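So the chains spell out like this:
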Amino acid sequence: ESNPTCERGIVLVDAFSPSHLLYLKRRALTTYNAGVVECFSPKVSRYLLGQSESSEERSDILARTMPSSRDSCASWAASLPFEVVGVLCESDSGGSVAERLTEWLGLDGERGNARMSARRDKYLMHKAIKDAGVGGTARGYVCEDPGEAVAKAAEMGVMDQDDERGVVYDERTPCVVKPRRGVASDRVFKCTTLQEVAEATGEIIGSTSFGNDEVIKDCLVQEFVEGLEVAVDTVTRNGETKIVAVWDYDKRQANGAPFVNFATRLVDGAFQPASEDEDLPPLNSTLSGTGGSGVKIKSNRTSPSSLSSLPRQARYVVVQKVCDYATSVLQSLEYNWGMAHVEVKVSLPRNFRKAYKKGSFEPPSVRLIEVNARQHNAEWLQLTQAPGRIVHLSCNREGTLRRVSHLERIRRMESVVKVEVYEDVEEGKGIAKTVDIRSEKGWVHMLHDDEEVLERDFVKVMELMETMFEVEEGGEEGREEGLGEKALNQP
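None of the values given here were measured: they were computed from a predicted structure.

The rules behind the values
Residues numbered from 1 in each chain as written. Predicted model: local features only at pLDDT ≥ 70, side-chain atom pairs only at ≥ 80, totals over all residues. Heavy atoms only, no water. Helix = DSSP H or I, 4+ residues; strand = E, 2+ residues; numbered from the N terminus. Buried < 20%, exposed > 50% of the residue type's maximum accessible area, 1.4 Å probe, protein only. Contact = heavy atoms within 4.5 Å. Areas by Shrake-Rupley, 256 points an atom, 1.4 Å probe, with all protein chains shown as cover. Salt bridge = Lys/Arg side-chain N within 4 Å of Asp/Glu carboxyl O. Pairing = 2+ DSSP bridges. Axes fitted to C-alpha atoms, helices over the stretch in contact; angles between N-to-C directions. Phe/Tyr/Trp six-rings, centres within 6.5 Å; stacked < 30°, edge-to-face > 60°. Lys NZ or Arg CZ within 6 Å of the ring centre and 35° of its normal. Parallel < 35°, antiparallel > 145°, perpendicular 65-115°, else oblique. Left-handed = near helix turned anticlockwise from the far one by under 90°. Polar contact = N/O pair within 3.5 Å; in protein donor to acceptor, adjacent residues only side chain to side chain. Expected span 1.5 Å × (residues − 1). Arc of directions from axis to C-beta.

The helix and strand inventory of the chain stands at 13 helices and 18 strands. Across the 491 residues in the chain, those meeting the buried criterion constitute 52%. Taking as baseline every contact in the chain between residues at least 6 positions apart, the subset at least 24 positions apart corresponds to 73%. Counting every atom, the chain has about 23,200 Å² of accessible surface; 45% of that belongs to carbon and sulfur.

Below, the structure written as structure tokens:
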């Protein structure tokens, strides 16, 4: 698509989401007078062809599949009514071919990133960042069978289920077993015993990742990183990175799964001094004082449960260190162009409350989970100074859905901006428990200038979600999610 007078345009690879690349498509056409080409990566194209029901639909998919060789790319680019100046990708599956297309168009280095497998392969990612001297990476091993995985997990301190060293289950050392590449937390296991490691490895090897038809031949056994899970959305132009947003993740063990995302909080990392004469606290020094905003710690916990619960002055120091770390990670992956979503774990001192009351605060430890080197941006593109949250709607039962309750009550709440229940959540049809991003049932966007109003509504929404999906158990089983925003676009 193009405007009559446009001279330049962009290529969008695997654009599915209205709040991701399709949003940028609208902006390109309406605001910047640019052209837009949409195309599918080969893997996504094959997936869509397998789901298509008509010859007309298949022809359309084939016509929109990206060029497969340098020569065909040159002919394709020459046929466009404008010069291509950028390639943006939304899916993990299309990342490598989007980089290849960037190279074929002669944009790598000048307006795009050169090819690098470490931006997608989680083992190579941590290795590249460690080799660059950034630090904060997790120890991990590539394993080709359950026996090798069990041996490496044992080296990390994971015990056998029948171990008699007197360690209770909840205090055992866990590890993570997952594919080297993947999306939507698919087949990501937190294992606390060697038996669980063997079972997880057996489930991963020989399977295929969502949106990727290649058979998985090995898996990654990785150290489990403790701490608060935080995500940083960025945009980088010619090596200069800007921070778009910082998010708290509220992930919990639920429905038999280790990492169910219940909510995402937009973190206010701004520092507001109590007076014009008060200086900003230096990042690498001890933070003293009671905090410029006078916010008191409300929790009785020895360490905070989220960044949002920190006093404002302490939050500023933590957010600055997290953002600096995310920028360093992107530099080590030579990610000089485009949007990214960097997920980290933040560890604060266990005696945080006591140290803060004494007027001292140790700098946090920041460690990497993974980088999504693509358009991801946490489903929330609006830039705002107001506190915001996303509630990820989850279902805790499985069977036939009888009714979805409380929606109108939630929509009437003062801080609720928009509510969406996914269209495949239908009354009278099967519904599955929420175990990952792909099986979420929808979302609630919340925004308000008054944090107390936002917190009041948030607590109530979380309470109502417990009984939102009325399910008759033992009925029709829930269907696997199809190709779309919540699947291809998520980590």
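Still more ground to cover, so stick around.
Turning our attention to the pattern of salt bridges. All told, the structure shown has 25 salt bridges when counted by the stated rule. The partner of Asp92 in a salt bridge is Arg181, and the shortest N-O contact between them spans 3.2 Å. Remark: Arg181 occurs in the loop between strand E5 (175–178) and strand E6 (189–191) and Asp92 occurs in the loop between strand E3 (83–89) and helix H5 (95–104); sequence separation between them is 89 residues. Residue Asp92 is classed as buried on the basis of its relative accessible area, which comes to 10%. Where Arg411 meets Glu408, a salt bridge forms, and the shortest distance between an N and an O atom there is 3.0 Å. Of the two residues, Arg411 and Glu408 are both situated in helix H11 (residues 407–411); the distance of three residues between them amounts to about one turn of the helix. Salt bridges sharing common partners tie together Lys25, Glu38, Asp60 and Arg64.

Sheet architecture is open: four strands sit in the order E4-E7-E5-E6, paired in antiparallel fashion. At either margin of the open sheet sits one strand with a lone partner, and together these are strand E4 (140–143) and E6. Ignoring which end each strand starts from, the neighbouring axes of this sheet average 25° apart. As paired strands, E5 and E6 are joined by three bridges and run antiparallel to one another. Pairing of Val177 across the sheet is with Phe189, part of E6. Most of the contacts of helix H7 (residues 146–155) go to E4, to which it runs at about 165°, and overall it touches E4, E5 and strand E7 (219–223). In this fold helix H8 (residues 194–204) packs onto E5, E6 and E7, with an angle of close to 160° to the strand it touches most, E6.

Counted under the stated rule, the structure contains one aromatic pair. When the ring centre of Phe224 is taken as origin, the NZ or CZ atom of Lys190, which lies over that ring, is 4.4 Å away. Sitting over the face of the ring of Phe458, Arg389 holds its NZ or CZ atom 4.6 Å from the ring centroid.

Looking now at the packing of helix H4 (residues 70–78) against H5. Two elements in contact, H4 and H5, have axes separated by 10 Å at closest approach and are oriented at 70°. On the basis of their axis angle, the class for H4 and H5 is roughly perpendicular. By crossing handedness, the relation of H4 to H5 is classed as right-handed. Mapping the contact onto sequence places Arg70, Cys73 and Trp76 in H4 and Leu101, Glu103 and Trp104 in H5.

Attention now moves to unusual backbone geometry. Phi at Asn33 is positive, roughly 55°, even though this residue is not glycine. Mapping Asn33 onto the fold places it in the loop between helix H1 (21–30) and strand E2 (35–39). The partly exposed category is assigned to Asn33, whose relative accessible area is 34%. The backbone phi angle of Asn255 is positive, close to 55°, even though this residue is not glycine. Note on placement: Asn255 falls in the loop between strand E9 (240–254) and strand E10 (257–266). Here Asn255 falls in the partly exposed class, since its relative accessible area comes to 25%.

So, about the side chain of Arg119. Inspection of the secondary structure puts Arg119 in the loop between H5 and helix H6 (122–131). A polar contact of 3.0 Å, which involves the side chain of Arg119, links it to the backbone oxygen of Glu334.

Here we come to the sheet that holds strand E12 (residues 365–372). Read from one edge of the open sheet, eight strands run E12-E11-E8-E9-E10-E13-E17-E15, paired in antiparallel fashion. Of all strands in the sheet, those with a lone pairing partner are E12 and strand E15 (416–421), marking the two edges. Here the average twist between neighbouring strands, direction ignored, is 25°. Sheet topology note: the E15/strand E17 (residues 442–447) ladder contains five bridges and is antiparallel. The residue bridging Val421 from the neighbouring strand is Gly442, located in E17. This element, helix H12 (residues 451–465), spans E9, E10, strand E13 (388–393) and E17 of the sheet and lies at about 0° to E13.

In this section: H12. An ideal rise of 1.5 Å per residue puts 21 Å on 15 residues; H12 measures up with 21 Å between its terminal C-alpha atoms. Within H12 the residues assigned to the buried category are Val453, Leu454, Asp457, Phe458, Val461, Met462, Leu464 and Met465. Down the axis of H12, the buried set is contained in an arc of 160°. They therefore lie on one face. Where the residues of H12 are buried, they touch E9, E10, E13, H11 and E17. Its side-chain oxygen 2.9 Å from the backbone nitrogen of Glu452, Asp450 forms the N-cap of H12.

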